[in-house]
Amino acid sequence: MRYHVVQDAMQELKSEIKSPSKNRYESWGSFLRSYREKKYRSAREFCARFSIGISYPQYSRYEVGEQLPNLNQALLLCRLLDIYLVEGLFVWSLSQIQDPETHTEINLQLAQLRRKKAENILNPEPEPHASPKTKDHPLSHLTASKNSSPVELDDVFVFNRSHLKLFSSNPIYRDIFTYINSYGPGWLTKEELAKAHEVSTSEMAEFMEQLQQLGIIIIQENKCRALKKILYFPDDPDFFELRNLNITHNATSILKKLTHQEIIEKRAFRGLVTRELTLEQRNTLFTKIDELFQTMLEFPETENPEKIYSLCLLLGGRFSRPS
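Residues numbered from 1 in each chain as written. Predicted model: local features only at pLDDT ≥ 70, side-chain atom pairs only at ≥ 80, totals over all residues. Heavy atoms only, no water.

Caption draft 1: Focus on the overall build of the protein. In terms of helices and strands, the protein carries 14 helices and seven strands. Sequence-distant contacts, at least 24 apart, represent 64% of the contacts inside the protein between residues at least 6 apart. As displayed, the protein offers around 21800 Å² of accessible surface, 52% of which is attributable to carbon and sulfur atoms. (Helix = DSSP H or I, 4+ residues; strand = E, 2+ residues; numbered from the N terminus. Contact = heavy atoms within 4.5 Å. Areas by Shrake-Rupley, 256 points an atom, 1.4 Å probe, with all protein chains shown as cover.)

Caption draft 2: Structural context of the pairing of strand β6 (residues 223–226). In β6, alternate side chains face the same way, and those of Cys224 and Ala226 are buried while those of Lys223 and Arg225 on the opposite face are not. Sheet topology places strand β4 (residues 188–189) next to β6; two bridges connect them, and they run antiparallel. Looking at β6, one finds that Thr189 is bridged to Lys223. (Buried < 20%, exposed > 50% of the residue type's maximum accessible area, 1.4 Å probe, protein only. Pairing = 2+ DSSP bridges.)

Caption draft 3: Representation of the sheet that holds strand β5 (residues 217–220) within the structure. Across the sheet, three strands lie side by side as β4-β6-β5; this open sheet has antiparallel pairing. Each end of this open sheet is capped by a strand with a single partner; those strands are β4 and β5. For β5 and β6, the ladder comprises four bridges, and the chain directions are antiparallel. What sits directly across from Ile218, in β6, is Arg225. Strands in contact with helix α9 (residues 172–182) are β4, β5 and β6; relative to β6, the strand with the most contacts, it is inclined by about 85°. (Axes fitted to C-alpha atoms, helices over the stretch in contact; angles between N-to-C directions.)

Caption draft 4: Examining the packing of aromatic side chains more closely. Under the counting rule described, the total for this entry stands at ten aromatic pairs. Among the aromatic residues, those joined into a ring-pair cluster are Tyr40, Phe46, Phe50 and Tyr59. In this arrangement the basic side chain of Lys38 is found over the ring face of Tyr35, its NZ or CZ atom lying 4.2 Å from the centre. In this structure, Lys307 is placed above the aromatic ring of Tyr309, and the distance from its NZ or CZ to the ring centre is 6.0 Å. (Phe/Tyr/Trp six-rings, centres within 6.5 Å; stacked < 30°, edge-to-face > 60°. Lys NZ or Arg CZ within 6 Å of the ring centre and 35° of its normal.)

Caption draft 5: Quick look at the environment of Phe50. With respect to the element layout, Phe50 can be found in the loop between α3 (43–49) and α4 (56–63). On the accessibility criterion, Phe50 (6% relative accessible area) is buried. Once the C-alpha coordinates of Phe50 and Ile218 are considered, the two residues, 168 residues apart in sequence, prove to be 7.4 Å apart. Those residues in contact with Phe50 that lie beyond four places of it in its chain are Tyr40, Leu80, Gln212 and Ile218.

Caption draft 6: View of helix α11 (residues 201–213). For α11, which comprises 13 residues, the first-to-last C-alpha distance of 18 Å matches the rise-based estimate of 18 Å (1.5 Å per residue) to within 8%. If you check which residues of α11 are buried, you get Met204, Phe207, Met208, Leu211 and Gln212. Taken end-on, α11 shows its buried residues confined to a sector of 135°, consistent with a single buried face. Taken together, the buried residues of α11 touch α3, α8 (164–169), α9, α10 (190–196), β5 and β6. (Expected span 1.5 Å × (residues − 1). Arc of directions from axis to C-beta.)

Caption draft 7: Seen up close, the pattern of salt bridges. Taken as a whole and judged by the stated rule, the model has seven salt bridges. One salt bridge connects Lys39 with Asp82, and the closest N-O pair in it is separated by 3.0 Å. You can see Lys39 sitting in helix α2 (residues 26–39) and its partner Asp82 sitting in the loop between α5 (71–80) and α6 (85–94), a full 43 residues away along the chain. Between Arg49 and Glu45 there is a salt bridge, with its nearest N and O atoms 3.7 Å apart. Note that Arg49 and Glu45 are positioned in helix α3 at a spacing of four residues, about one turn of the helix. The partly exposed category is assigned to Arg49, whose relative accessible area is 30%. Taken together, the shared-partner salt bridges in this structure form one network comprising Arg41, Glu45 and Arg49. (Salt bridge = Lys/Arg side-chain N within 4 Å of Asp/Glu carboxyl O.)

The quantities given are spatial measurements derived from coordinates; they are silent on function.
Encoded structure:
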């Protein structure tokens, strides 16, 4: 069976590197069309279902290979059509690469990727005593809490720089998709979201539309749901201020609602310690903080969640002796 899987992958690869046709981006167009046909009978139906930021004629030009979407548009289409992002990026890149050696190298990587995908489908169970090698991956600390298993990258929506302006403009965007994700995976109504976030239904409709255009949620009639299980802001310099804003927003929101009775009854926690720390002591705390976050992530979820909690931790220098 594995032999046939490899043969199929190589045959697919050969079909993509045959002589050029009149449409420059035919390989991308065929790839896109094949995934769209798995979910929707026509391109028109797909374009009517989602706000993809372009017209139906423009999308049709992508499918026939006349034009190529920009990177952000390509990533959005991949998410909406459940295309494995790495595979989509490979095919999108191949349609533009002219250098034969680079083209061949990426083609081989694409064939290996497809072989591994097919083998995972044929052999989903891990080998006995095998442990997933996710330790060094930047998302390895995230856990799918439904079954306490490591997160599949297909389940993760990683925000990019195209999202920065929107999420920096108003923290409510993060609150909305967090709420949708927390009470999903079922559909949530616009009215419920508006009431939970204390805005009008017309305002909520605008917020939802923005999130759908970015490929974060999907809207049908008056309801919406998240497209991915886990949403992740990269921990890099470009997102530094936004991550700070998220911490400030969540901590402030908790403190506004916090009551003395909740503290007494251990339904909430608020604490502050300021003291000297040596390098060794600080590193010990970092290890324990990582363990605490991992413990919270690995708790199993319930079928009908009620109260959603945020754990906000901040550790940093406060004072230094003047020189």
